[in-house]
Amino acid sequence: MEEMGYESSQDNNAAQSSSADKVAFVLSGGGNRGALEVGVLIALLEHDIRPRIMVGTSVGAINATALAMNPTLEGAHWLEDRWRRVTRKALLPDSYLSMVRRLVSGESGLFTNKKLKAYLESQLPEGIRKFSDIKNAELYITAAVLHTAELHIFGLDRSDSIIDAIMASTAFPLLLAPWEYQGKEFVDGAVVSDLPIRVAVEMKASEVYAIDVGKHQSQKQKQRGVLRVIRQLLSATAYQRFLDDIGWASRLPQDRIHYLNINGFDEVGLRDFGHTADMIERGHQIGQEYLHQLSSRAHRQDEKAT
């Protein structure tokens, strides 16, 4: 299987940029809605907006990792191709019968995470295993410590394992079992912070593009039963942390923080990858529209100045 695109550090324009131009992309969780993020990323890179910092949680951690290795339009198109090819079977293959078996046998998650881990390992290029192996952008992945609900930032320690970081960040409670790494158990980073803007600010980003593909209220209204209750509790915690993150964002000038929220596709189920192409197109459209608005605003300000 073709591996994640990787740009040679000899062509690392990001590393040569001044610290005054330290752009960060922050990617939220959202499961199969991660395809929406890909469309926005393509739009940003089409406009030569290139990140020096990538921050991601849950599915955003997967997208952030891929782009951090090759933060170019070519890298974004590689990621797009992977999304267009991926299937439910490759990531969450369990039948409903096996899900019931896992539940009654006391397993910690309805789905096995073995397939996801195998898929991710097949996509990483040889020689890229630790955060220190990525040279073209700073990569940070967030997860939640199970027993304390504290936000954990993988990548501060550059010897951290990339695969373990992603597995920890995507271990959504009930759906996937907590991921154990270095004596701690971790769950999905979106549990405590679905859009970890604070990480980008703490890492001295000068400008932040925060891409939010979460379902938010519409999801809570449509679901029923125990899963609805669990998601409501988790969302309440995440929302409070989101407000905290917005507080961190206020440390940047107003024109240096960009929040792109992509709605729609609420009817698409968690394991349904049949709408990926439409999601990528939708994300690309939203990204293009936002950047057009930025350009128009800047043009009007220039006219006023003259």
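First, a word on what this report is: a plain description of the structure on this page. (Residues numbered from 1 in each chain as written. Predicted model: local features only at pLDDT ≥ 70, side-chain atom pairs only at ≥ 80, totals over all residues. Heavy atoms only, no water.)

Describing the side chain of T276
With respect to the helices, strands and loops of the structure, T276 is situated in helix α12 (residues 276-305). At a separation of 3.1 Å, a polar atom in the side chain of T276 contacts the main-chain carbonyl oxygen of F273. Sequence-distant contacts of T276, that is, excluding residues within four places in its chain, are made with A35, W83 and R84. (Helix = DSSP H or I, 4+ residues; strand = E, 2+ residues; numbered from the N terminus. Polar contact = N/O pair within 3.5 Å; in protein donor to acceptor, adjacent residues only side chain to side chain. Contact = heavy atoms within 4.5 Å.)

Focus on the layout of surface pockets
As a volume, the second largest pocket reaches approximately 210 Å³. Lining the second largest pocket we find Q254, D255, I257, H258, Y290, L294, R297, A298 and Q301. Mapped by element, the contributors of at least two residues to the lining of the second largest pocket are β10 (257-261) and α12. The element best represented in the lining of the second largest pocket is α12, accounting for five residues. (1 Å grid on protein atoms, 1.4 Å probe; cavity = no way out; pocket = protein on both sides within 12 Å on 5 of 7 lines; lining within 4 Å. Points joined across faces, edges and corners; volume = space filled by probe spheres on them.)

A closer look at the pattern of salt bridges
Per the stated rule, a full pass over the model turns up seven salt bridges. Its salt-bridge partner being R84, residue E80 comes within 2.9 Å of it at the nearest N-O pair. Taken as a pair, E80 and R84 lie in helix α4 (residues 73-85) at a separation of four residues, close to a single helical turn. A relative accessible area of 13% means that E80 is categorised as buried. Between R85 and D81 there is a salt bridge, with the nearest N and O atoms lying 3.1 Å from each other. Within this pair, R85 and its partner D81 are both found in helix α4, separated by four residues, close to a single helical turn. Each member of the salt-bridge network shares a partner with another, and the members are D81, R82 and R85. (Salt bridge = Lys/Arg side-chain N within 4 Å of Asp/Glu carboxyl O. Buried < 20%, exposed > 50% of the residue type's maximum accessible area, 1.4 Å probe, protein only.)

Observations regarding the pairing of strand β8 (residues 184-188)
Bridge analysis of strand β4 (residues 138-145) against β8 gives three bridges, and the strand direction is antiparallel. Of the residues in β8, the one forming a bridge with A144 is V187. Looking at chain direction, strand β7 (residues 179-181) and β8 are connected through three bridges and run antiparallel. Bridged to Y181 within β8 is K184. The hairpin formed by β7 and β8 contains two residues between the paired strands, and Q182 there has a positive phi angle of roughly 50 degrees. (Pairing = 2+ DSSP bridges.)

With respect to the nonpolar core
Counting residues in hydrophobic clusters, the biggest one holds 67 residues, and the most contacted among them are F25, W83 and F154. Excluding anything up to four places from it in sequence, W83 contacts G31, N32, G34, A35, V38, V59, N63, F273, T276 and I280. (Core = buried A, V, L, I, M, F, W, Y, C linked by side-chain atoms within 4.5 Å.)

By themselves, these observations are geometric and do not establish any function.
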